[in-house]
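# Chain and residue survey
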Amino acid sequence: MRHLMSPLDFTVEELDQLLDLANDIEKNPAKYAHACEGKKLATLFYEPSTRTRLSHEAAMLNLGGNVLGFSSADSSSAAKGETVSDTIRMISCYADICAMRHPKEGAPMVACKHSSIPIINAGDGGHQHPTQTLTDLLTIRSLKGRLNNLTIGLCGDLKFGRTVHSLINALVRYTGIRFILISPEELRLPSYIREDVLDRNEVPYQEVVRLEDALPSLDILYMTRVQKERFFNEEDYIRMKDFYILDKKKMELAPEDMYVLHPLPRVNEIAVEVDDDPRAAYFRQAQYGVYVRMALILTLLDIHVD
Ligand code: NCD
């Protein structure tokens with residue numbers, strides 16, 4: 001049985017197959033409409049979510065399956081003190097596959113150890129968010145036609161942003177990848193990722209504070225929100241929250257073929273006026289998230305559609 005804890009759980013070849021499957025689903029949705037009939041997906045969300053939970057649910061419904069779950073810790077027995085390991089033992093009796101989001105790093109990994117069904121990590125604290133990474137890879141590959149030879153700007157909260165951490169882990173396996181890390185000093189990428197992931201894989205990167213300095217050389221700009229819920233005090237958050245605001249004026253500095261991605265939700269870091277720019281790809285990205293999660297559910301349940 002396979003789980004998805006980190007994007008590295010799939011080899012590059014397996015990822016290619018998964019993204020190919022997602023592209024086929026996009027082109028031929030009817031072919032997959034009954035693939036998961038009789039199957040159930042449980043969504044256990046101990047932290048807020050809109051896209052990740054609903055796109056997993058939409059994915060299962062599009063495959064002809066059913067969904068059940070909870071969307072906050074307060075509405076589950078976690079509020080009574082039940083452990084993740086006990087909860088997952090129950091859920092294994094109720095569903096065929098489970099997507100779990102938890103504020104604690106490693107909680108989905110604990111769930112795997114006690115589960116008899118595949119577990120998808122739908123975000124664990126500031127650690128990883130592998131299904132967002134699958135979404136990002138599909139979006140980049142669909143828009144740019146490749147996952148190698150790219151200069152990728154990661155901008156915003158690189159310290160706490162789990163989407164950035166997962167995406168870096170996944171992209172270092174492709175050739176010709178270069179990162180520009182754009183953040184305030186306080187929100188720099190943690191050294192364990194700079195050293196253990198970027199340096200170890202000899203991936204070139206540059207750290208800059210000003211977005212304007214990076215924009216002209218980017219193929220992809222990946223914007224992120226300052227992760228309010230992971231700050232230790234509110235003053236720091238208030239000081240940081242509007243550090244970057246991508247607007248029309250700044251977009252003039254960017255190449256014509258650069259795309260702007262954002263895992264969403266956006267707060268202030270992309271002005272609404274940018275939404276009409278053809279390079280703004282964040283809502284398309286959310287759509288790709290459904291196709292890739294359909295492909296993931298099929299893969300983890302080992303269901304093949306001819
Ligand atoms: C992200 C997350 O939850 O980490 N959201 C998402 O799943 N699309 C990004 C964020 O919350 O900033």
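Residues numbered from 1 in each chain as written. Predicted model: local features only at pLDDT ≥ 70, side-chain atom pairs only at ≥ 80, totals over all residues. Heavy atoms only, no water.

## Examining the site of the ligand
- Around the ligand, the surrounding shell consists of Thr52, Arg101, His129, Gln132, Arg162, Thr163, Arg225, Gln227, Pro263, Leu264 and Pro265.
- Thr52 places a polar side-chain atom, nitrogen or oxygen, 2.8 Å from an oxygen atom of the ligand.
- Note that a nitrogen atom of the ligand is positioned 3.2 Å from one of the side-chain N or O atoms of Gln132.
- Its residues assigned to classes, the shell around the ligand comprises 3 nonpolar, 5 polar and 3 charged. (Near = heavy atom within 4 Å. Polar contact = N/O pair within 3.5 Å; in protein donor to acceptor, adjacent residues only side chain to side chain. Nonpolar A, V, L, I, M, F, W, Y, C, P; charged D, E, K, R; others polar.)

## So, the sheet that holds strand S9 (residues 259-261)
- Strand order in the open sheet formed by 5 strands is S7-S6-S5-S8-S9, with parallel pairing between adjacent strands. The open sheet is flanked by strand S7 (205-208) and S9, the only strands paired with a single partner. Across the sheet, the mean angle from the axis of one strand to that of its neighbour is 20°, orientation sign disregarded.
- Note: strand S5 (residues 150-155) against strand S8 (residues 220-223), 4 bridges, orientation parallel. Directly across from Ile152, in S8, lies its bridge partner Ile220.
- The sheet strands contacting helix H7 (residues 191-199) are strand S6 (177-182) and S7, and the helix crosses S7 at an angle near 155°. (Pairing = 2+ DSSP bridges. Helix = DSSP H or I, 4+ residues; strand = E, 2+ residues; numbered from the N terminus. Axes fitted to C-alpha atoms, helices over the stretch in contact; angles between N-to-C directions. Contact = heavy atoms within 4.5 Å.)

## With respect to the domain arrangement of the chain
- Under the domain assignment, the chain is made up of domain 1 (7-128 + 289-300) and domain 2 (130-286).
- For domain 1 and domain 2, the distance between their C-alpha centroids amounts to 25 Å.
- Taken together, the contacts link 33 residues of domain 1 with 25 residues of domain 2.
- Taking both partners together, domain 1 and domain 2 bury about 2,400 Å²; carbon and sulfur atoms supply 56% of that area.
- Contact with domain 2 buries surface across domain 1, with Pro7, Leu19 and Arg51 losing the most and accounting together for 24% of the total.
- Taken together, the connections running from domain 1 to domain 2 amount to 3 salt bridges.
- Of the charged contacts, one joins Asp20 and Arg141 as a salt bridge, the two residues approaching to 2.8 Å between their closest N and O atoms.
- The interface formed by domain 1 and domain 2 includes 13 residue pairs in polar contact (both at pLDDT 80 or more).
- Contributing elements (two or more residues each) for the side of domain 1 that touches domain 2: helix H1 (12-27), helix H2 (51-62), strand S3 (97-102), strand S4 (119-124) and helix H11 (282-300). (Domains from an automatic or database assignment. Buried area = accessible area lost by both parts, 1.4 Å probe. Salt bridge = Lys/Arg side-chain N within 4 Å of Asp/Glu carboxyl O.)

## As for the pattern of salt bridges
- All told, the structure shown has 19 salt bridges when counted by the stated rule.
- Two residues, Asp257 and Lys144, come together in a salt bridge whose shortest N-O distance is 3.9 Å. Taken together, the residues span a long stretch of sequence, with Asp257 in the loop between helix H10 (248-251) and S9 and Lys144 in helix H5 (residues 130-144) at a distance of 113 residues.
- Residue Asp257 is classed as partly exposed on the basis of its relative accessible area of 46%.
- Salt bridges sharing common partners tie together Glu185, Arg188, Arg194 and Glu207. (Buried < 20%, exposed > 50% of the residue type's maximum accessible area, 1.4 Å probe, protein only.)

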